[in-house]
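# A structural walkthrough
Chain by chain, the residues run as shown.
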Amino acid sequence: MIRLEQLHKSYTVGSKTVPALADINLAIEPGEIFGIIGHSGAGKSTLVRCINLLERPTGGRVIVGETDLTTLTAKELQQERRKIGMIFQHFNLLSSATVQDNIAFPLRLAKRPKEEVDRRVSELIQLVGLEEHRTKFPAQLSGGQKQRVGIARALAADPKVLLCDEATSALDPQTTASILALLRDINRRFGLTIVLITHEMQVIRAVCDRLAVIESGQIVETGRVLDVFLKPQHPTTREFIEQVEDSAELREVLKHEKAAGTRNIVRITFIGEKTYEPVLYESMREADVSFAILQGTISRMKDTPYGQLVVELNGTTEQVEEAIRLLLARGVEVERL
Ligand code: ADP
């Protein structure tokens, strides 16, 4: 759906050149929710704004659908941009227009007939759950409601792609969850491809199928969210994952256990339905190993349940090896800590 090829972007500030993106290559599939995570200044905003050419890349290609946007005339680009909706951290609503007029804005700009505009606006207001607020002004709305207007407006022209520039960063956790649920719903119902940038791993874990980690204008890791979470490769990725895992607590446990001379500590990861099966108990019983659970979490990545347990195994070296072999044979991941 979206292909970025050898994308480069630098800004010119006075006589200086500030590099922002270097050799970005990325393919985003139709219908997926793709997350881009990075620290402040990493280049996320520049990257997402290059996808609809709000920022013109210094080099490389931006292909959306079948079209290389970098080769289009201004008029052609304007046409193609209708297929790409965008929402923003600070909503960017027209403060002097009502909810319904904000949503109608892109349709009126595209000179759609009045009846069509009215019908579409009503559909969208219902979709985002703002029926009771249609004649209010942005100042009369909460942050979450404003972002719902932003989403409805972005969807007005029936785009194929929705770009989200830190769309939940100004919202509290509960409102963030409801906006993310709305994005997932839209993604499922309309098969919309969503690209979202964020500095929060919780956001990625809640909705994304795949992600890219960006640092100093370069992509340092990409993969399925599940794989990256369970086996992060790059130190920056690990750092982001620590935002959502209670790693500090785990480090404390490990320090304590190491001091006590305990040697056989493993992290066991269950994915999917295995999360709810008695895999650990059965493997330990067969290997005749006793165990103590030091830490445990059960959570979800998008729709997939997963569990992680940090377990101390007690037995002879052979028994412990056998226990690990049995766990692996039952399809769970085991990592020695
Ligand atoms: P992020 O969204 O990850 O915070 P940005 O894409 O905003 O990162 O910025 C990437 C780099 O580009 C930073 O070094 C930033 O200072 C620089 N930058 C961004 N926008 C501009 C601009 N309009 N002019 C000059 N430098 C910019």
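See the structure shown above.
A quick note: this is a predicted structure, and the numbers were derived from the prediction, not measured. (Residues numbered from 1 in each chain as written. Predicted model: local features only at pLDDT ≥ 70, side-chain atom pairs only at ≥ 80, totals over all residues. Heavy atoms only, no water.)

Turning our attention to the nonpolar core. Within the largest apolar cluster, 52 residues are counted, with the highest numbers of intra-cluster contacts made by Ile151, Leu183 and Met201. Here Leu183 is in contact with Ile87, Ile151, Leu162, Cys164 and Ile194, once residues within four sequence places are set aside. Grouped together as the second largest cluster of nonpolar side chains are 29 residues, Leu4, Ile28, Leu47 and Phe88 included. (Core = buried A, V, L, I, M, F, W, Y, C linked by side-chain atoms within 4.5 Å. Buried < 20%, exposed > 50% of the residue type's maximum accessible area, 1.4 Å probe, protein only. Contact = heavy atoms within 4.5 Å.)

A full pass over the atoms with the stated rule returns 0 disulfides. For the unlinked cysteine Cys50, the closest cysteine sulfur is that of Cys164, found at 17 Å. Taking relative accessible area as the criterion, Cys50 reaches 0% and is therefore assigned buried. The thiol sulfur of Cys208 is not disulfide-bonded, and the nearest other cysteine sulfur, from Cys164, lies at 9.1 Å. Take Cys208: its relative accessible area is 3%, and that puts it in the buried class. (Disulfide = S-S within 2.5 Å.)

Time to look at a nonpolar patch on the surface. On the surface, Leu94, Phe105 and Leu109 cluster together to form a nonpolar patch covering roughly 280 Å² of accessible area. Residue placement: Leu109 occurs in helix α3 (residues 99–109). (Patch = residues over 30% accessible without salt bridge, like charges linked within 9 Å, V, L, I, M, F, W, Y side chains within 5 Å. Areas by Shrake-Rupley, 256 points an atom, 1.4 Å probe, with all protein chains shown as cover. Salt bridge = Lys/Arg side-chain N within 4 Å of Asp/Glu carboxyl O. Helix = DSSP H or I, 4+ residues; strand = E, 2+ residues; numbered from the N terminus.)

All right, on to the pairing of strand β12 (residues 290–301) then. Relative to strand β13 (residues 304–314), β12 is paired through 11 bridges, and the arrangement is antiparallel. Looking at the pairing, Gln295 lines up with Val310 of β13. What sits between the antiparallel neighbours β12 and β13 is a turn of 2 residues, in which Lys302 has the positive phi angle 50°. (Pairing = 2+ DSSP bridges.)

Pairs can form between side chains of opposite charge whenever their charged atoms are close. Per the stated rule, a full pass over the model turns up 20 salt bridges. We note a salt bridge from Arg189 to Asp185, for which the minimum N-O separation is 3.1 Å. Highlighted residues: Arg189 and Asp185, both in helix α6 (residues 173–190), separated by 4 residues, approximately one helical turn. Using a relative accessible area of 53% as the deciding quantity, one classes Arg189 as exposed.

To continue, consider the site of the ligand. Looking at the ligand, the residues that line it are Tyr11, Val13, Ala20, His39, Ser40, Gly41, Ala42, Gly43, Lys44, Ser45 and Thr46. A distance of 3.0 Å separates an oxygen atom of the ligand from a polar atom in the backbone of Gly43. Taken by itself the ligand offers 560 Å² of open surface, and the protein chains cover 61% of this. Counting residues per element, the ones that place at least two in the shell around the ligand are β1 (2–13) and α1 (44–51). Of the residues forming the shell around the ligand, the biggest block, 3 residues, is contributed by α1. (Near = heavy atom within 4 Å. Polar contact = N/O pair within 3.5 Å; in protein donor to acceptor, adjacent residues only side chain to side chain.)

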